[in-house]
Amino acid sequence: MTTLPPPATELSADEARRLALRAQGFLGAPDRRAGVRGVLRHLGAVQLDTISVLARSHELVPYARLGAVGRRTVDDAYWTDTHAFEYWSHAACILPIEEWPHFAFRRRAYRNRPHWNHHLPDGDYDRVVKQLRTGGPLTATDLGGAKKTSEWWDWSGTKVAVERALMYGEVVCVERRGWKRVYDLAERAVPAALLHDDLDDTECLRRLVRLAGQSLGVGTRADIADYHRLKAEQVDAVIADSGLVPVTVQGWGRSAWADPAALETPPRGRHRTTLLSPFDSLIWERARTERIFGFTHRLEAYVPKQKRVHGYFAMPVLAGGRLVGRVDPAREGRTLVAKQVTLAGRKAAPAVAQALVEAASWVDCTDVRVERVETPELREPLTRELARLLA
């Protein structure tokens, strides 16, 4: 392993927090001219997820940074004119199309993978590729069916084949239609100049480590590895040559690296006040979220209802560069329902109310109703502020 030089910069915990906020697009004026595509390029990855409460997570991410972007505008920005592709990064993510070459290391790893959870019947792979060649773009249903039974994990041979082809890079998801993946051949969907696996693993990893550092502003090895789900040893092998610089952060108790461009100017500007998707890259990594914000975040959608603490889809509230509460939202007609609200204190009430009202307007709700506030004495200041904003 390459020996790293000593850290060049010491940052306070507050400076690291502000660097992270700016790197993630929550501090300073947003680049509205670049719009949703600019957010995607800036973050490097936007996670997809099936859950839709106010909206799907890939819509909530640009909303949190830009404000009330039309939901159709968001999807068009991702999927028209070959600006993005879907692939496995932090999870299933929308990625900028120019990063296609840098995921060659992962495509190679999938091709060399000895074991799979789903059996691939003989002939199905070639049949699916032939169907896409003659009739694509197509969904798994168009290709012959996604499932053998109603059970979500019981994939048909067609679904196994097309997902395997997606992992190998022979097929690309070119859009989501009714949340179904729409597949086409990579040779049609990816610009010719980018359609190659020429880069070796080291070059791919160096690029992704650099991108993760830029998107985080500052991070530990674990933070950087988690961003695109790299292994610790993969990060170690390239970080010295990635362009990131070693730093120390007071209170972190572990080595960290920063984007040198981020260190050149102190973060300044307006803080966003907004609800955050639980799948937002600002709060992807639980240990990092606790380290930076002193905030324990956990998605409870897959926790049995009786064991949930904060709710099915509790959305952290960002205000003033801090996480000041949580809201578990729902919609009933044109009312946004805050099923459960947690506030950091009385001073958080105006910010949480603002975030709720703005989110309600974005999803065409005209009213906000609060059902439960974790600390009952904070209910009155929250509802009073909501009434003022809705008047």
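Residues numbered from 1 in each chain as written. Predicted model: local features only at pLDDT ≥ 70, side-chain atom pairs only at ≥ 80, totals over all residues. Heavy atoms only, no water.

Scanning the protein chain from N- to C-terminus turns up 16 helices and 15 strands. For the protein chain, whose C-alpha radius of gyration is 22 Å, the value lies close to the compact-globule estimate of 21 Å for 391 residues. Expressed along its principal axes, the backbone C-alpha trace of the protein chain runs to roughly 65 × 55 × 40 Å. For the protein chain, buried positions account for 55% of its 391 residues. Of the contacts formed within the protein chain by residues at least 6 apart in sequence, a portion of 66% connects residues at least 24 apart. Accessible surface computed for the protein chain: about 17,800 Å², of which carbon and sulfur atoms make up 49%. (Helix = DSSP H or I, 4+ residues; strand = E, 2+ residues; numbered from the N terminus. Rg over C-alpha atoms; globule rule 2.2 N^0.38 Å. Buried < 20%, exposed > 50% of the residue type's maximum accessible area, 1.4 Å probe, protein only. Contact = heavy atoms within 4.5 Å. Areas by Shrake-Rupley, 256 points an atom, 1.4 Å probe, with all protein chains shown as cover.)

Examined against the element boundaries, Val209 turns out to sit in helix α10 (residues 201-216). Classification of Val209 as buried rests on a relative accessible area of 0%. Taking the C-alpha atoms as reference points, Val209 and Leu244, separated by 35 residues in sequence, lie 8.4 Å from one another. Once you skip the residues sitting within four places of it in the chain, Val209 turns out to touch Ile224, Leu230, Val235, Val238, Ile239, Ser242 and Leu244.

Take empty space enclosed by the protein next. Per the stated rule, a full pass over the model turns up 1 cavity of 30 Å³ or more. The volume enclosed by the largest cavity comes to roughly 40 Å³. The wall of the largest cavity is formed by Leu216, Asp223, Asp226, Tyr227, Ser281, Leu282, Trp284, Glu285 and Arg288. (1 Å grid on protein atoms, 1.4 Å probe; cavity = no way out; pocket = protein on both sides within 12 Å on 5 of 7 lines; lining within 4 Å. Points joined across faces, edges and corners; volume = space filled by probe spheres on them.)

Moving on, we get to the layout of surface pockets. Of the volumes computed, that of the second largest pocket is approximately 330 Å³. In terms of lining residues, the second largest pocket is bounded by 15 residues, among which Phe105, Arg106, Ala109, Tyr110 and Arg229 are the most central. Taken together, the residues of the lining of the second largest pocket break down into 6 nonpolar, 4 polar and 5 charged. (Nonpolar A, V, L, I, M, F, W, Y, C, P; charged D, E, K, R; others polar.)

Right, let's get into the side chain of Arg176. Looking at where Arg176 falls in the secondary structure, it is placed in strand β6 (residues 171-177). Since its relative accessible area comes to 17%, Arg176 is described here as buried. Within the local environment of Arg176, its side chain forms a polar contact with the side chain of Glu86, the two groups lying 2.9 Å apart. A distance of 3.0 Å separates a polar side-chain atom of Arg176 from the backbone oxygen of Trp179. Residues contacting Arg176, with those up to four places away along its chain left out, are Leu48, Trp79, Glu86 and Arg181. (Polar contact = N/O pair within 3.5 Å; in protein donor to acceptor, adjacent residues only side chain to side chain.)

On to the sheet that holds strand β12 (residues 315-319), then. Taken in spatial order, the 5 strands make up an open sheet running β11-β12-β13-β14-β15, and their pairing is mixed. Each end of this open sheet is capped by a strand with a single partner; those strands are β11 (274-275) and β15 (367-370). By the bridge criterion, 2 bridges tie β11 to β12 in an arrangement that is antiparallel. Following the sheet pairing, Thr274 is matched in β12 by Leu318. Strand contacts of helix α15 (residues 349-362): β11, β12, β13 (322-332), β14 (335-343) and β15, with the helix running at about 155° to β14, the strand carrying the most contacts. (Pairing = 2+ DSSP bridges. Axes fitted to C-alpha atoms, helices over the stretch in contact; angles between N-to-C directions.)

Turning our eyes to something else, we now look at the pattern of salt bridges. Throughout the structure, instances matching the rule amount to 25 salt bridges. One salt bridge connects Arg369 with Glu332, and the closest N-O pair in it is separated by 3.1 Å. Taken as a pair, Arg369 in strand β15 and Glu332 in strand β13 lie far apart in primary sequence, 37 residues in all. Judged by relative accessible area, which is 32%, Arg369 ranks as partly exposed. Salt bridges sharing partners connect three or more residues here, namely Glu86, Lys159, Glu163, Arg176 and Arg181. (Salt bridge = Lys/Arg side-chain N within 4 Å of Asp/Glu carboxyl O.)

Attention shifts here to the pairing of β13. Most of β13 sits out of view: 8 of its 11 residues are buried. Relative to β13, β12 runs antiparallel, the two being bridged by 5 bridges. Considered in β13, the bridge of Met315 is made with Val327. From the end of β12 to the start of β13, which pair antiparallel, there are 2 residues, and Gly320 there has a positive phi angle of about 60°. The antiparallel hairpin formed by β13 and β14 contains 2 residues in its connecting segment, where Gly333 sits at a positive phi of about 60°.

Going from Gly136 to Pro137, the amide bond is cis rather than trans, its omega being 0°. Inspection of the secondary structure assignment puts Pro137 in the loop between α6 (124-135) and β5 (138-139). Despite not being glycine, Asp81 has its phi angle at roughly 60°, a positive value. On the accessibility criterion, Asp81 (62% relative accessible area) is exposed. Here Asp364, not a glycine, exhibits a phi torsion of approximately 65°, which is positive. Here Asp364 is to be found in the loop between α15 and β15.

For the rest of this paragraph, the subject is the pairing of β12. The element β12 is extensively covered by neighbouring structure, given that 5 of its 5 residues are classed as buried. Where burial is concerned, the two faces of β12 agree: the one with Met315, Val317 and Ala319 and the one with Pro316 and Leu318 are both buried.

Take the nonpolar core next. Residues Tyr78, Phe85, Leu132, Val172, Val209 and Ile224 are the most contacted members of the largest nonpolar core, which totals 67 residues. Ranked by residues supplied to this core, first place goes to α10 with 7 residues. In terms of nonpolar packing, the next biggest core, distinct from the first, is built from 38 residues, Ala319, Val324, Val363 and Val373 among them. (Core = buried A, V, L, I, M, F, W, Y, C linked by side-chain atoms within 4.5 Å.)

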